[in-house]
Amino acid sequence: MEPSTPRPQLRVGLSPLYRTVNLGEQLGLNHLYVKDDGQNPTASLKDRASVIAVMKAVEEKMTTIACSSTGNAASSLAGNAAAMGLKTFIFVPGRAPQGKVAQLLIFGANVISVQGSYSDAFQLSAEAIERWGWYNRNAAINPYLMEGKKTVSLEIAEQLAWDAPDWVVVSVGDGCIISGVWKGFQDLYRVGWIDKLPKLLGVQAAGCSPLADAILEDRAWRPAEENTIADSIAVGVPRNAEKALRAVRESKGTMVTVSDEEILSAMRLLGRTSGIFGEPAGVTGLAGLKTLVERGVIGSDERVVVIVTGNGLKDVKNAITAAGEPIKVEPSMDQLVAELKKRQLP
Ligand SMILES: *Cc1c(COP(=O)(O)O)cnc(C)c1O
């Protein structure tokens with residue numbers, strides 16, 4: 001940022017790092033922390049990148065900014081742009097959850113719902129940006145965004161009093177967050193503020209796992225289907241594949257895939273043990289962590305930070321799928337007693 005650049009208006013980052021004792025007990029981990037990045041202004045980690053994109057656009061005196069997104073980059077760009085008085089054109093795939101589309105519309109974006117996959121939306125946005133000369137927020141294209149994403153690691157290190165954790169766990173779509181996380185820790189290590197680097201665990205949905213497959217089979221990545229409820233990480237053609245793979249390998253970490261069932265179950269587990277509400281992609285990291293603890297890859301005394309990347313209110317439909325329906329009664333005490341009895345409550 002230039003000294004003359006106006007300050008952003010929204011409070012981005014500075015999300016809490018919780019020591020989640022109950023959740024740790026459930027998983028068999030003695031030192032488990034959750035970084036709740038669903039508490040950003042538009043409720044996902046993407047705000048860390050979007051605020052930089054918007055400030056760079058302001059510096060360059062651009063008035064319109066555009067991106068394609070599975071949902072969160074979009075709503076985050078729209079919100080941060082609205083706060084600085086910029087116009088936005090946002091390309092989302094038709095399947096984007098309603099909560100995210102509602103955010104876009106409320107923030108005044110011009111929303112283009114592309115009836116196709118995320119790859120189709122990305123392609124069309126690239127052509128439109130070229131044609132109309134808008135500022136490009138597409139994450140793997142704009143190099144400044146990594147600098148925004150890495151701030152999550154700077155905060156984790158500070159919140160742990162500069163004693164880096166053994167593992168940092170994050171869900172992976174395009175691969176920008178995990179590369180940013182790695183850059184943050186590497187920067188701190190190089191200047192000597194931390195004296196070791198964490199291993200990275202990157203987690204993908206089994207229905208869309210081009211990067212995890214590449215790591216697990218030790219080969220180059222190949223495009224994959226986009227077949228998962230975790231819409232934010234349903235990325236068949238990841239835009240930051242090489243950096244993400246390098247980050248995982250350099251850190252001596254690994255990747256793993258989890259089923260949609262395991263993702264829904266992780267939403268319930270996190271909510272019930274911690275009072276934290278994550279969207280499906282937001283808790284995919286946690287689902288993968290559970291798997292690796294069960295397999296004995298991560299030991300009970302290792303210090304682990306899981307990043308919850310997005311808030312569950314963005315995708316209420318899947319939350320209800322995960323958690324079930326409420327107990328329905330007429331306004332009648334008799335019926336309440338009967339319904340509770342059926343469930344052996346209270
Ligand atoms: C974007 C996003 C991810 C994945 O980030 P990538 O940089 O695409 O790997 C994970 N979770 C949520 C909630 C996201 O919005």
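What counts as what
Residues numbered from 1 in each chain as written. Predicted model: local features only at pLDDT ≥ 70, side-chain atom pairs only at ≥ 80, totals over all residues. Heavy atoms only, no water. Helix = DSSP H or I, 4+ residues; strand = E, 2+ residues; numbered from the N terminus. Rg over C-alpha atoms; globule rule 2.2 N^0.38 Å. Buried < 20%, exposed > 50% of the residue type's maximum accessible area, 1.4 Å probe, protein only. Contact = heavy atoms within 4.5 Å. Areas by Shrake-Rupley, 256 points an atom, 1.4 Å probe, with all protein chains shown as cover. Lys, Arg positive; Asp, Glu negative; His and termini not counted. Charge placed at Lys NZ, Arg CZ, Asp CG, Glu CD. UniProt positions renumbered as here; feature names shortened; annotations may be inferred. Near = heavy atom within 4 Å. Polar contact = N/O pair within 3.5 Å; in protein donor to acceptor, adjacent residues only side chain to side chain. Nonpolar A, V, L, I, M, F, W, Y, C, P; charged D, E, K, R; others polar. Pairing = 2+ DSSP bridges. Right-handed = clockwise from strand over helix to strand, strands pointing away. Core = buried A, V, L, I, M, F, W, Y, C linked by side-chain atoms within 4.5 Å. Domains from an automatic or database assignment. Buried area = accessible area lost by both parts, 1.4 Å probe.

Comments concerning the overall build of the protein
Within the protein one finds 14 helices and ten strands. Rg of the C-alpha trace for the protein: 20 Å, near the compact-globule value of 20 Å for 346 residues, within the 12% margin. Taken along its principal axes, the extent of the C-alpha atoms in the protein is 65 × 50 × 40 Å. With 346 residues in all, the protein has 54% of them scored as buried. Here the analysis covers contacts within the protein between residues at least 6 apart in sequence; of these, 72% occur between residues at least 24 apart. Carbon and sulfur atoms make up 52% of the accessible area of the protein, which amounts to about 15,400 Å² in all. Computing the positive centroid from 37 side-chain charges and the negative centroid from 38, the protein places the two 2 Å apart.

Things to note about the environment of Q335
In this structure, Q335 sits in helix α14 (residues 333-342). Through-space distance from the C-alpha of Q335 to that of V172 is 46 Å; in sequence the pair is 163 residues apart. Excluding its chain neighbours within four sequence positions, the residues that come into contact with Q335 are V329 and E330.

Section: the UniProt feature "modified residue: N6-(pyridoxal phosphate)lysine" (unreviewed entry) in the protein
Those places that UniProt annotates as "modified residue: N6-(pyridoxal phosphate)lysine" (unreviewed entry) correspond, in this numbering, to K46. Setting aside anything within four residues of it in sequence, one finds K46 in contact with N72, A73, S76, R137, K149 and I177.

What about the site of the ligand?
The environment of the ligand is formed by 16 residues, the closest being K46, N72, D174, G175 and T309. In the environment of the ligand, a nitrogen atom lies 3.5 Å from a nitrogen or oxygen atom belonging to the side chain of S171. Taking C176, its main chain carries an N or O atom lying 2.9 Å from an oxygen atom of the ligand. When isolated, the ligand has an accessible area of 380 Å², and the protein chains bury 98% of it. Within the shell around the ligand, the residues separate by chemical class into five nonpolar, seven polar and four charged.

A look at the pairing of strand β7 (residues 167-171)
Along β7, five of the five residues are buried, which leaves the element largely enclosed by surrounding structure. Residues of β7 alternate between two faces, with W167, V169 and S171 on one and V168 and V170 on the opposite face, all of them buried. As paired strands, β7 and strand β8 (residues 199-205) are joined by five bridges and run parallel to one another. When the sheet's bridge partners are listed, V169 is paired in β8 with L201. The handedness of the β7 to β8 crossover, carried by helix α8 (residues 176-190), is right-handed.

With respect to the nonpolar core
Judged by nonpolar contacts, the single largest core of 34 residues is most densely connected at L289, I298 and V304. Dropping the residues within four chain positions of it, V304 is found in contact with L29, H31, L32, Y33, W167, V169, L289 and I298.

Topic: the domain arrangement of the protein
One can read the domain layout of the protein as domain 1 (17-43 + 152-321) and domain 2 (47-144). Look at where the C-alpha atoms of domain 1 and domain 2 centre, and you get two points 24 Å apart. With 21 residues of domain 1 at the interface, the matching set in domain 2 holds 19 residues. Between domain 1 and domain 2, the buried area comes to about 1,700 Å², and carbon and sulfur atoms account for 44% of it. Three residues, T42, R239 and K314, lead the burial of domain 1 against domain 2; their summed loss comes to 39% of the area buried on that side. Linking domain 1 with domain 2 are 17 residue pairs in polar contact (both at pLDDT 80 or more), by the criterion used here. Residues that form the side of domain 1 that touches domain 2 fall into these classes: seven nonpolar, four polar and ten charged.

So, the environment of D334
Residue placement: D334 occurs in helix α14. Judged by its relative accessible area of 66%, D334 is exposed. As for D334 and L10, which are separated by 324 residues in sequence, their C-alpha atoms are 50 Å apart.

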